[in-house]
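The residues making up each chain are set out below.
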Amino acid sequence: MQFLDVKTDYAFKKVFASPQSKELLISFLNSLIYSQSSQYISDLTIVDPYTIPMLKGVKDSYVDVKAVLNDNSLVIIEMQVLNHQGFEKRVLYNAAKNYSIQLKKSEDYHLLNPVIALNIVDFIMFNETDVVSHFKLLEKEKFIHYSDDIELIFVELPKFSKTLNELESIEEQWIFFLKNAGQLNNIPKKLDNCVQEALQVVNEANMTEEELETQHKRKEFIYIQKSAIELATEKGIKVGFEKGKLKGKLEGKLEGKLEGKLEGKLEGKLEMAQMMKKNGETADKISLYTGLSVAEIEQLTV
């Protein structure tokens, strides 16, 4: 068996945003959003269910799925495979935008429903957090909740290193699925039924040639984008290194000249002070002419 890499939009939306995806999405969201809570999702509506199109142009390196929960909260699920400048701000902007556009003109603010932005990323964002991190509005000294209306959740796939036999929870099983589906060659029986069903959805044996070609194009696009970023980063580091070397040489030369001048001036002052002291001039007068302290002058031998 071979399975699609679910980090592409084709496979991700086929699993979580198809008309028949409700039960899989409920399991997935309960495991990641409410794993540490007694609250749970009993029903949801997928916003604009995904019908898989053939790609005429490929331009995005991320994919999002939206669902309205049974308590009217809106969940925005985004899979982001490439890091880029401003990504953190875009996440916050999208959450705030989806929060604010709920109200029509003259409607009351109490009608606003919570927005949860669940971001699955294929790169490291925060060095000091676990695989899954939750962000809310809190008072910074006593951590009092201001509001739960906007919540940001990040799942950093590179931080997840558990093997199949080490999985302990449904949350870990879903993260394992997201990271490793494309590398499996069978459907492990120890996985939860929903995760097994998700693997059946992305089983290449159930795909047409057209669907497999679409997936191939998406993976190729992401690979090209990632390679371009790595190349640009490598070139930037090299240019920065060369500039640093040049700057170091120039600063070294300048520092050497400056030190030489200062040492030369001091030598001249000392010679002048010795000559004046030999001729019987007072220490105060020598100090006035050379800038040396009286104590320095008294230590001079003639």
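Computed from a predicted structure; not experimentally measured.

Chemist: Honestly, the overall build of the chain in this entry has me stumped. Any pointers?
Modeler: From N to C terminus, the chain includes 8 helices and 6 strands. In the chain, the succession of α and β elements from N to C terminus is α-α-β-β-β-α-β-β-β-α-α-α-α-α. Restricting to contacts in the chain with at least 6 residues of sequence separation, those with at least 24 account for 60%. Surface accessibility of the chain: about 19,000 Å² in total, with carbon and sulfur atoms responsible for 53%.

Chemist: So what exactly am I meant to see when it comes to the packing of aromatic side chains here?
Modeler: Within a pair of aromatic rings, the relevant descriptors are the distance that separates the centres and the angle that separates the planes. One pass over the structure, following the stated rule, counts 9 aromatic pairs. Geometrically, the ring pair formed by Phe87 and Phe123 is edge-to-face, given 5.7 Å between the ring centres and 80 degrees between the ring planes. Taken together, the positions of Phe87 in helix 3 (residues 87-100) and Phe123 in the loop between strand 4 (115-121) and strand 5 (132-138) put the pair 36 residues apart, joining distant regions of the chain. Comparing Phe87 with Phe123 shows no difference in burial state: the two are buried.

Chemist: Sorry, what's going on with helix 1 (residues 9-16) here?
Modeler: An α-helix turns once every 3.6 residues. As a result, residues three or four positions apart point the same way. Burial runs high along helix 1: 8 of the 8 residues are buried. For helix 1, the set of buried residues is Asp9, Tyr10, Ala11, Phe12, Lys13, Lys14, Val15 and Phe16.

Chemist: Would you mind going over the environment of Pro158 with me for this structure?
Modeler: Among the secondary structure elements, Pro158 is positioned in the loop between strand 6 (145-156) and helix 4 (170-180). As for Pro158 and Met125, which are separated by 33 residues in sequence, their C-alpha atoms are 10.0 Å apart. With residues up to four places along the chain from it excluded, the contact list for Pro158 reads Val121, Asp122, Phe123, Ile124 and Lys179.

Chemist: Explanation requested: unusual backbone geometry in the structure shown.
Modeler: In terms of backbone geometry, most residues other than glycine have negative phi values and most peptide bonds are trans. In this structure, Asn72 is a non-glycine residue whose phi angle is positive, near 75 degrees. Positive phi, close to 55 degrees, is recorded for Phe143, a residue that is not glycine. Locating Phe143 in the fold gives a position in the loop between strand 5 and strand 6.

The rules behind the values
Residues numbered from 1 in each chain as written. Predicted model: local features only at pLDDT ≥ 70, side-chain atom pairs only at ≥ 80, totals over all residues. Heavy atoms only, no water. Helix = DSSP H or I, 4+ residues; strand = E, 2+ residues; numbered from the N terminus. Contact = heavy atoms within 4.5 Å. Areas by Shrake-Rupley, 256 points an atom, 1.4 Å probe, with all protein chains shown as cover. Phe/Tyr/Trp six-rings, centres within 6.5 Å; stacked < 30°, edge-to-face > 60°. Buried < 20%, exposed > 50% of the residue type's maximum accessible area, 1.4 Å probe, protein only.

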